[in-house]
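Structural overview
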Amino acid sequence: MSLRTTVPTLCVALTAVLAGCVVGADTGADEGAATDSDHVGDQRQSSLAAPGCTVRLTPTSLVASVAQAENPAANVADGSPATRWSGRGKGAYVTADLGATQRICGISLGWYNGGVDGRIYDYALSTSTDGREFSPLFAGKSLPSTSLQPVELQAVDARYVRLTVNGNTVNDYASVTELQISASAAPAGAFVHPGILVSKEQLDFVKAKIGSGQQPWSKEYQLARGSRHAKRNYVASPVPVVKCSTPGSKQKALDLGYEQAGCSEIVNDANAAYTQALLWHYSGDAQYAENARRILDAWARTLTAVLFDQPRFSDNNGQVYANGHFAAGWAGTNFLRAAEILRYTYSGWTAEDTALQENHFKTVYWGLVKDGWTGAGNRTSVMNETALGIAIFTNDREKYEYAVSQVEHSTKAMIYMPSDGRQPLYPIYQGQPRYTNDAKGQLAGIWTNPTRYIAGLEQETCRDLGHMQMGISSLANMAETLRIQGDARSAYSDDPVHHENRLREALELNADYVLQYLDNTGNRVGVEVTPTGWMPARNWPCSSFAKTAGGGSAVMGWEIGYNEFRNRRGISMPKTQELITRARAMSSASTRVGNHIGWEALTHAGAP
C-alpha cells in the first residue's frame, strides 16, 4: 500500500503543483505557536477515496500519547488547518475513537509546515476494533505540502484509527493539522441488530464473564435471576387501554369516575420481558425466551391505546391521564429491548412475531412518543428513547432521522454548559421552542429555579436527584444505542468547538450530590435525609433539597455513561466511579431495575 504520488527527492520538481517549498529559519528545537509565516493549504476531500466514500466521521474522542498544552489532540479533528496537535518524540501517536465500528474507506492528513522548511514526516496508520490490538494499515512519508493529503488504502472495518509519527526531517515532533476519516455511505435501513442499548458483542462478552464466574457480572446475574421479574411462571397482565393519572390528580380522577388501568402492570411486564430476554441469552434456557415472547405477544394482541391528551378535566383543562407518556416511555423502551434481543438471537422467534410487534409499536406507541413531551425533563428523554428504539426495530430510516433530531436537541436542552450563555437552551416540542418568556421565568421554572447555572446541571437536579437521574440515564441509553448504530450524533460526542461533553459533566456533578446524600443516610436509598434542612455542602446550586432525594432511581442508571467515558475512553470519573462502587455493594434488586432503567452493571460493566 502506498501513496499514489511518491515523495520526491527534489522539491524543485513539484513547485508547479505544491506550494511552500522554501527553507525556513526553524531550527527544529521546538514546535511553538503558529506564526504569520506558517503556510496553511486548502482543505479538500480525499481524491483517492473509493466511490461512495462520502461520510465524514467525527471521532467521539481523540487521545494522544503526548501533546503540548497549546496544541492538544482535539485540534486534529476541528476542521481547521490553522490548529494542530503537536507532541515531541518519535513514536508519538494520536488515536481517534469513532464510537462504533465503521467501514473506513478514506483518510486524509494535514501536516504542520509540510514542505515549508523542507520537512517531510515519517508516519504509520493502524486500526483496531477493540482499542487494544491494532493492525497496520499504511506506512510511508508525507508529501512536502501543507495541503490536505489523501492516503490510498483498502477499505477496512474499524472503530479506532491510530496515527503514529516517527519524527520528520527537521525535528522529532509530531505536528498534524488535520486527520480526516471517511466511511462508506450506509445503505438505507442498514441498522445493526441487535442494536437497541445492547449489541450481540456485548451480550456475548457478559455471557463469557458469567460463565467464568467473574465479578461484578456473576453477582448481577444472580440478582436478576432472583428478582420478581425473572419468575419462570411469570404471567403478563395486559389491558386494552392504559389509563394513568399523575399521583397528584389520581384521586380527583377517581372521584369524577375516571378509572385507572394498567399503570403498574405495563411497566412491570415490560421490565419482566427485558429481564427474561437477557437471562435467555446469558443462560441459554429457552424458558426465559418463551416467557419474554409471551409477555410481548400478550400486550401486542391486547393493548390498543395509551390515553394521554384526552380526556381533560372540565375545571382546569388539565389532562386526566397525564402519566400516559410515562407508561408509553417506560414500557415501550423495555418492550423494544426485549423484542430486539429475541428477534435476533432466539430461533423460536417467528416472522409473525416480528410483524405483530412492528405493527404494535408503530400504531400504539409511535404517535405518542415521537415528539417528546411539552414539559421536557425526563419525560422527553424517555419518550425520545422509545421513539429511537421503534425506528431501529422497524428498520425505518425516516423515523430514525426524526428521532435523532429530537435526541440531539433534548440532550443540549437538558444539561447546562457555560457555552450556552447566561441560561440553558430552550426545549423544543414539535419543532418549536418552549418556555421562552424569560420575563415570567418560564425557563427557570422548569429547572426548579436554581440559584445559579453551573456546568453539568441537569434540568431536574433541583427538583430531586431521582428524576434528574431518570433523565440522564435515558440520555446515556440513547447515546449507547447510537454508538452501536455507528452514529456519532449523541451525548457521547464531545463538542469540537468548546471541547466539552455535557453528559460527562452531568454524571460527575450529580454523582457528587448523590454521594453526599448517601453519606447522610449511611448508603441507604429512599429514606429522608437528616438533619432537617440538610442540603449538599459541595457546589449545590439549588435553594432546597428533596427529603428522599427522589427515591431509588438516584442510584441507578450510572453504569452506561461511566463505561463509555472511563473504560472505553480512559477519562477519569472519580465521583461516578465511587457512586457505582456503592451502588454495586447494595444487595437488593430494587436498586437495579425500575421504570426504564434495568440491569446496567449486568449489561454494560466493562462492555466493549
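Quick look at the structure, then. From a predicted model like this one, the values you see are computed outputs, not experimental measurements. (Residues numbered from 1 in each chain as written. Predicted model: local features only at pLDDT ≥ 70, side-chain atom pairs only at ≥ 80, totals over all residues. Heavy atoms only, no water.)

Structural notes on the layout of surface pockets
Inclusion rule: Using protein atoms alone on a 1 Å grid, points that fit a 1.4 Å probe yet trap it form a cavity, whereas open point sets bounded by protein on both sides within 12 Å along at least five of seven lines form a pocket; residues with an atom within 4 Å of a point count as lining. Grid points are joined across faces, edges and corners, and a volume is the space filled by probe spheres set on the points. Elements are defined by DSSP. Helices are runs of H or I of four residues or more, strands are runs of E of two residues or more, and each kind is numbered from the N terminus. Three classes are used: nonpolar for Ala, Val, Leu, Ile, Met, Phe, Trp, Tyr, Cys and Pro, charged for Asp, Glu, Lys and Arg, and polar for all others, with Gly counted as polar.
Of the volumes computed, that of the second largest pocket is approximately 460 Å³. As for the second largest pocket, its lining consists of 25 residues, and the residues nearest its centre are C263, S264, V267, W330 and N595. At the level of secondary structure, the elements contributing two or more residues to the lining of the second largest pocket comprise α4 (263-283), α6 (324-345) and β16 (593-594). The biggest single contributor to the lining of the second largest pocket is α4, with five residues. Residue composition of the lining of the second largest pocket, by class: 10 nonpolar, 13 polar and two charged.

Notes on unusual backbone geometry
Residues Q310 and P311 are joined by a peptide bond in cis, for which omega reads 0°. For the bond from T530 to P531, the omega torsion is -5°, close enough to zero to count as cis. Even without being glycine, Y435 reaches a positive phi, approximately 60°. Looking at the element boundaries, Y435 is found in the loop between β15 (432-433) and α10 (442-446).

Remarks on helix α2 (residues 217-225)
Note the following rule: A simple rule labels every residue: compare its accessible area, found with a 1.4 Å probe on the protein chains alone, to the largest value its type can have, and call it buried under 20%, exposed over 50%, or partly exposed in between. For this analysis, residues touch if any pair of their heavy atoms sits within 4.5 Å.
Buried within α2 we find W217, S218, E220, Y221, L223 and A224. Looking at the packing, one finds that the buried side of α2 touches α1 (200-211), α4, α14 (574-585) and α15 (600-604).

Some words on helix α12 (residues 502-521)
Counted only if it meets this: Given the number of residues in a helix, its expected span is that number minus one, multiplied by 1.5 Å. The term polar contact refers here to a pair of N or O atoms within 3.5 Å; inside protein, the definition further demands a hydrogen-donor-capable atom paired with an acceptor-capable atom, and it admits residues adjacent in sequence only when both atoms are side-chain atoms.
Here α12 contains 20 residues, and its C-alpha end-to-end distance of 29 Å stays within 8% of the 28 Å for a straight helix at 1.5 Å per residue. Across the 20 residues that make up α12, a large majority, 17, are buried. With a side-chain oxygen lying 3.1 Å from the backbone nitrogen of L503, the N-terminal cap of α12 falls on N501. Among the residues trailing α12, G522 stands out with phi positive, at a value near 70°.

A short note on the pattern of salt bridges
Cut-off, in case you're wondering: Any carboxyl oxygen of Asp or Glu within 4 Å of a side-chain nitrogen of Lys or Arg constitutes a salt bridge here.
Scanning the entire structure with this criterion turns up 39 salt bridges. D157 is the salt-bridge partner of R103, the closest N and O atoms lying 3.2 Å from each other. On the criterion of sequence distance, the pair formed by R103 in strand β4 (residues 92-111) and D157 in strand β8 (residues 156-168) is long-range, its members being 54 residues apart. Accessibility expressed as a relative area gives 39% for R103, which makes it partly exposed. Linking R119 and D117 is a salt bridge whose minimum nitrogen-to-oxygen distance equals 2.6 Å.

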